[in-house]
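# Observations on the three-dimensional arrangement
Okay, here's what each chain looks like letter by letter:
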Amino acid sequence: MATEQIAAPLPRIAPVPEIVAHDVRPEQRGWISWLTTTDHKRIGIMYLVASFGFFIVGGIEALLIRLQLAQADNTLLSPQVFNALFTMHGSTMVFLFMMPLAAGLGNYLIPLMIGARDMAFPRLNALSFWLFIAGGTVFYGSLLFSPPECGWTCYAPMSETAFSPTNGVDAWIFLIHLTGIGSAIGAINFIVTVANMRAPGMGWGRLPLFVWTMLTIAVLLAISLPVVATGVTLLLTDRHFGTHFYDPSNGGSPILFQHLFWFFGHPEVYILVLPAFGIISEVLPVFARKPIFGYKAIAASTLAIAFIGSLVWAHHMFATPSPYFVLMFFMLGSYLVAVPTGVKIFNWVFTLWRGSIEFRVPLLFAAGFLVSFLNGGITGIFVATFPVDWQLHDTYFVVAHFHYVLVGGALMGFFAGIYYWFPKFTGRMLSEGLGKISFWLMLVGIWVTFLIQHSAGLSGMPRRIYEYPDINNLELYNLISTIGSFILALGILVTIVNIMRSLRAGTVAGPDPWKANTLEWFTQSPPPVNNFDVIPRVRSVEPMKDIRREIERQSREREPVGVGARADA
Ligand code: HEM
Ligand SMILES: [Cu+2]
């Protein structure tokens, strides 16, 4: 696509008089301005950069785990280092990579997509970012004394001082507290911004689907974070102030910790994957050149997933002593989540059906998401069936399942978003060639790494063990999985190179390179400090398409009589 065609400025549209820019703040320069910024776009960028930094750290931890497991009876790492690695990896990927990545995308895009000039509480917004950084600093500070070894769930009594005397667990508790408070503040900011700052005409039935998913996870965060914060605070008082909440020898109950953790933990997996769902709902209609199929059904299914998803937490505890009716309730509830999820998958497929598909990189990652997430969803039904889960609980089958959902699903979805919105963030396009190489390496890497892990789990390999005997082909399965993880890492590296190169030398993007549907494409790339010169009135779920049509109509009106179609009128 020729540069001049993409970069052409959008002709002015009759502004909505009451919303014309009055106070255009100058763009601040220098690193101090980034430290003190309250601009949602800058805070968004800082979230994206910092969370990607943690992603690289979490990825290296995963590769070290895979190297240790590449061979039976391996002695590359000590048991303590191995335990610390999977604890750091799991906690990093969840609390320091994927949650802040979604917060970064939400921060940058929500005000632009709803036609606002910033978030409702800019200073609180900055605070939530720095709390995330503080949480990550305290957590990785534990490497200076002794990192936690209790897994990303840090179950009691394993995490009580009797079994974990060093302060690693306390660093994990403060990770949850600090990033948790940051996320809770961010959630309130998203809810108030979306409720109060939408462009004229943007009713709830015209809210972009990505914004619906971000709003939904904000509500899930507001409901579930206080519960896990309570759970880890009780652990802190058990560890340092002589209480016995989780100590069975003093009337406490370790099962209580699991309930408090997973009441947050299961909604947490939706907090991680729903933003990716929202990205897919934005990307598919643009590259299929068709409106999304069933806008209302997709928006409603997001809310249904969040509601039902808040009532199934104990499917993580099928191996604990529970009465049958409790097991049945949580099994059937888990099955039920598949219905609204299925609605989304069908509607995405019908959006593509008979579309004029453009195989650009964002669409490829969206397609990779669809096939991989589907696989993760199907094995989710297996482990949601408690008699089956009694066999598979804490085996590599479970590790395979949640990585299909989080890496094959959420991560692929986020990469679709990065390739889709990079032009808006930077004013430059990412290279399609490098993008396609990265996509195929990542897709092949994911399937080689995690598919064979199902077989390792079915052959009896537990998770969280640093060595295993070479029986039941376990060494072959693990070697294949390790090779896959390096292919995946290479694919991710290609995207990082693509980003670095395109920041300097990428094709200039212009305001609306994809001919997309939502309002963020109505302003320059990157947007000015105040986001919009004018905020247009929204007339449908595809305001940008309406604006382009309006522009075409106006330019046709301006054409001198006798030119083109009019001649024969
Ligand atoms: C990018 C490629 C990734 C690879 C190769 C990878 C690999 C691994 C491995 C080998 C384990 C240890 C399993 C065990 O032996 O018990 C693990 C655990 C885990 N991973 Fe990943 N992972 C990746 C990405 C992610 C992402 C993106 C997330 C989440 C957002 C994630 C979340 C977790 C969690 C929660 C655990 C459990 C940790 C624990 O047992 O406490 N991983 N991963
Ligand atoms: Cu769950």
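Just so it is clear, the model here is predicted, and its values are computed rather than measured. (Residues numbered from 1 in each chain as written. Chains lettered and ligands numbered in written order. Predicted model: local features only at pLDDT ≥ 70, side-chain atom pairs only at ≥ 80, totals over all residues. Heavy atoms only, no water.)

Right, let's talk about the overall build of the chain for a bit. On a plain count of helices and strands, the chain comes out with 16 helices and zero strands. By its C-alpha atoms, the chain is 90 × 50 × 50 Å across when sized along the principal axes. Residue pairs in contact within the chain that sit at least 24 positions apart in sequence constitute 83% of those at least 6 positions apart. Accessible area of the chain: about 23100 Å², with a carbon and sulfur share of 70%. Measuring between centres, the 34 positive side-chain charges of the chain sit 12 Å from its 32 negative side-chain charges. (Helix = DSSP H or I, 4+ residues; strand = E, 2+ residues; numbered from the N terminus. Contact = heavy atoms within 4.5 Å. Areas by Shrake-Rupley, 256 points an atom, 1.4 Å probe, with all protein chains shown as cover. Lys, Arg positive; Asp, Glu negative; His and termini not counted. Charge placed at Lys NZ, Arg CZ, Asp CG, Glu CD.)

Turning our eyes to something else, we now look at the nonpolar core. Residues Trp172, Trp348 and Trp421 are the most contacted members of the largest nonpolar core, which totals 151 residues. Leave out the neighbours within four places in its chain, and tryptophan 172 touches Ser91, Phe139, Pro148, Trp152, Thr153, Cys154, Val232, Leu235, Phe257 and Phe261. Of all hydrophobic cores here, the second largest spans 15 residues; its members include Leu85, Met461, Tyr468 and Leu474. (Core = buried A, V, L, I, M, F, W, Y, C linked by side-chain atoms within 4.5 Å. Buried < 20%, exposed > 50% of the residue type's maximum accessible area, 1.4 Å probe, protein only.)

This next bit is on the coordination of the copper ion (ligand 2). Looking at the copper ion (ligand 2), the protein donor atoms are His266 (ND1), His315 (NE2) and His316 (NE2), and they sit 1.9 to 2.0 Å from it. Look at where the donors of the copper ion (ligand 2) fall in the sequence and you get H-x48-H-H. Of this pair, histidine 266 sits in helix H8 (residues 254-288) while histidine 315 sits in the loop between helix H9 (295-309) and helix H10 (324-352), placing them 49 residues apart in sequence. We classify histidine 315 as buried; its relative accessible area is 14%. (Donors = N, O, S within 2.8 Å, 3.2 Å for Na, K, Ca; no water.)

This part is about the packing of helix H11 (residues 361-384) against helix H13 (residues 396-426). Packing of H11 against H13 brings their axes to within 8 Å, and their N-to-C directions diverge by 160 degrees. When the axis of H11 is compared with that of H13, the two are roughly antiparallel. For the pair H11 and H13, the crossing hand works out as left-handed. When grouped by side-chain class, the residues that make up the contact of H11 with H13 number 18 nonpolar, 11 polar and no charged. (Axes fitted to C-alpha atoms, helices over the stretch in contact; angles between N-to-C directions. Parallel < 35°, antiparallel > 145°, perpendicular 65-115°, else oblique. Left-handed = near helix turned anticlockwise from the far one by under 90°. Nonpolar A, V, L, I, M, F, W, Y, C, P; charged D, E, K, R; others polar.)

Around ligand 1 sit 21 residues in total, of which His89, Trp152, Tyr396, His403 and Arg464 are the nearest. Histidine 403 is positioned with one of its side-chain polar atoms (N or O) 2.7 Å from a nitrogen atom of ligand 1. For the shell around ligand 1, the secondary-structure elements that each account for two or more residues are helix H3 (40-69), helix H4 (79-114), H13 and helix H15 (474-505). Tallying contributions element by element places H13 first for the shell around ligand 1, with six residues. Here the shell around ligand 1 is composed, by residue class, of 13 nonpolar, five polar and three charged. (Near = heavy atom within 4 Å. Polar contact = N/O pair within 3.5 Å; in protein donor to acceptor, adjacent residues only side chain to side chain.)

We now examine the coordination of the iron atom of ligand 1. Protein-derived ligands of the iron atom of ligand 1 are His89 (NE2) and His403 (NE2), with the metal-ligand distances lying across 2.0 Å. Of note is the iron atom of ligand 1, whose six donor atoms meet at the metal with angles of 86 to 179 degrees in an arrangement that counts as octahedral. Here histidine 89 is found in helix H4, whereas its partner histidine 403 is found in helix H13, with 314 residues between them in sequence. For the residue pair histidine 89 and histidine 403, the accessibility class agrees, reading buried in each case. (Tetrahedral: all angles 85-135°; square planar, octahedral: opposite > 155°, others 65-115°.)

Turning our attention to the pattern of salt bridges. On inspection of all chains with the given rule, the structure shows 11 salt bridges. Among the salt bridges present, the one from aspartate 546 reaches arginine 549, with a minimum N-O distance of 3.7 Å. Pair noted here: aspartate 546 and arginine 549 are both in helix H16 (residues 543-558), with a separation of three residues, about one helical turn. Ionic contacts of the salt-bridge type, sharing partners, join the residues Arg360, Glu432 and Lys436 into one network. (Salt bridge = Lys/Arg side-chain N within 4 Å of Asp/Glu carboxyl O.)

Here we come to the packing of aromatic side chains. Two aromatic rings are characterised by how far apart their centres lie and by the angle between their planes. Using the criterion set out here, one finds 50 aromatic pairs in the structure. Their ring planes at 15 degrees and their centres at 4.2 Å tell us that phenylalanine 55 and phenylalanine 97 sit as a pair that is stacked. In this pair, phenylalanine 55 sits in helix H3 while phenylalanine 97 sits in helix H4, placing the two residues 42 residues apart along the sequence. Put simply, the rings of Phe95, Trp152, Tyr155, Trp172, Tyr246, Phe257, Phe261, Trp262 and Phe264 touch in pairs and so form one group of aromatic residues. (Phe/Tyr/Trp six-rings, centres within 6.5 Å; stacked < 30°, edge-to-face > 60°.)

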